[in-house]
Amino acid sequence: MGIPIKQGSRTPTSKSPLPLLPVLLLIFIVPLIVEAQLVVPAKYDGFVYKKRPASTDTIIIEAFFDPVCPDSRDAWPPLKTAIHHYPDASISLIVHTFPLPYHDNAFVTSRALHIVNKINSSATFNLLEIFFNDQERFYGDQTFNTSRASVVNQVIQVAAKVVGKKNLSAIRSGFLDSKTDYATRSSFKYGCSRGVYGTPFFFVNGFPIPDGGSPIDYKKWRSIIDPLVGKNKA
């Protein structure tokens, strides 16, 4: 049965033209937004552990860590132990910062890693371990009533212990340098582009390891890596 249409009402097939100005704005603005989101960094993101060069001939592990995340802290020792079990030429580790927005001072400590890596790349993982071992200093109630400037100053002092007091001014300048801010943001965006949603999060040869956001113990790492090492030898 047909539905009666009241006089003066539009039929279901009638169309009203869109205003021309909004359409033109969409045509010109959307490409600009997309282009802004596709800024490619100058080099591959992440910190290479112990200068073990990553290549298609090595097993590549990528870890996404938040310096003030307790699970990231607990995930680091078994991963490091597993990495050292294998020859340098067989396995590579790249660590990316992924500062979670709900962790206090995650971005500041992540940025400090990028700053120190620029000054002395061999000191980056030393600083990461200091953050892991002293997380309570930068997380939760300890900094609840502390200004951001005070927290940054504390982070600068900790970083100076790793690269030397002579680099204190360089570390301070790093926090004023937009490049280190961009590098830290880029790391987070890179993680998001790969589907990272928490820390720790791991990839092996480009493939995500299940149960992201949880630490992996040494035994589990051996069960993942051993078969791959055997295949490479074969």
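Refer to the structure above for everything that follows.
Residues numbered from 1 in each chain as written. Predicted model: local features only at pLDDT ≥ 70, side-chain atom pairs only at ≥ 80, totals over all residues. Heavy atoms only, no water.

Draft legend 1. How the structure looks around the pattern of salt bridges. This structure, assessed with the given rule, holds eight salt bridges. Measuring nitrogen to oxygen at the nearest pair gives 2.7 Å for the salt bridge that ties Lys 80 to Glu 129. In this pair, Lys 80 sits in helix H2 (residues 70-85) while Glu 129 sits in helix H4 (residues 124-133), placing the two residues 49 residues apart along the sequence. Under the relative-accessibility criterion, Lys 80 is labelled partly exposed at 25%. (Salt bridge = Lys/Arg side-chain N within 4 Å of Asp/Glu carboxyl O. Helix = DSSP H or I, 4+ residues; strand = E, 2+ residues; numbered from the N terminus. Buried < 20%, exposed > 50% of the residue type's maximum accessible area, 1.4 Å probe, protein only.)

Draft legend 2. Region of interest: the environment of Ala 75. Structurally, Ala 75 can be placed in helix H2. Along the backbone, Ala 75 and Pro 215 are 140 residues apart, and their C-alpha atoms lie at a distance of 4.3 Å. When neighbours within four sequence positions are excluded, Ala 75 is seen to be in contact with Phe 65, Pro 200, Phe 202 and Pro 215. (Contact = heavy atoms within 4.5 Å.)

Draft legend 3. Focus on unusual backbone geometry. Look at the link from Thr 199 to Pro 200: it is a cis peptide, with omega at -5°. Notably, Asn 105 is not glycine yet its phi reads approximately 60°, a positive angle. Within the secondary structure layout, Asn 105 lies in the loop between strand E3 (91-97) and helix H3 (106-119). Even without a glycine there, the phi angle at Asp 211 is positive, about 65°. Tracing the chain through its elements places Asp 211 in the loop between strand E5 (207-208) and helix H8 (218-233).

Draft legend 4. Here's a closer look at the pairing of strand E4 (residues 201-204). What you see with E4 is no split at all: Phe 201 and Phe 203 on one side and Phe 202 and Val 204 on the other are buried throughout. With four bridges connecting them, strand E2 (residues 59-65) and E4 associate as antiparallel partners. Residue pairing for E4: Ala 63 is matched across the bridge by Phe 202. Counted along the chain from E4 to the antiparallel partner E5, the turn is two residues long, and its residue Asn 205 has a positive phi close to 50°. (Pairing = 2+ DSSP bridges.)

Draft legend 5. Broad picture of the environment of Thr 184. Inspection of the secondary structure assignment puts Thr 184 in helix H7 (residues 178-193). With 75 residues separating them along the chain, Thr 184 and Thr 109 place their C-alpha atoms 9.8 Å apart. With residues up to four places along the chain from it excluded, the contact list for Thr 184 reads Phe 107, Ser 110, Arg 111 and His 114.

Draft legend 6. Structural detail: H7. Its 16 residues give H7 an end-to-end C-alpha distance of 22 Å, which sits within 8% of 22 Å, the value for a rise of 1.5 Å per residue. Residues of H7 that are buried make contact with E2, E3, H3 and helix H6 (168-174). Near the N-terminus of H7, the side chain that reaches the backbone nitrogen of Lys 179, with its oxygen 3.0 Å away, is that of Asp 177. Once H7 ends, the next one or two residues include Gly 195, with phi positive near 85°. (Expected span 1.5 Å × (residues − 1). Polar contact = N/O pair within 3.5 Å; in protein donor to acceptor, adjacent residues only side chain to side chain.)

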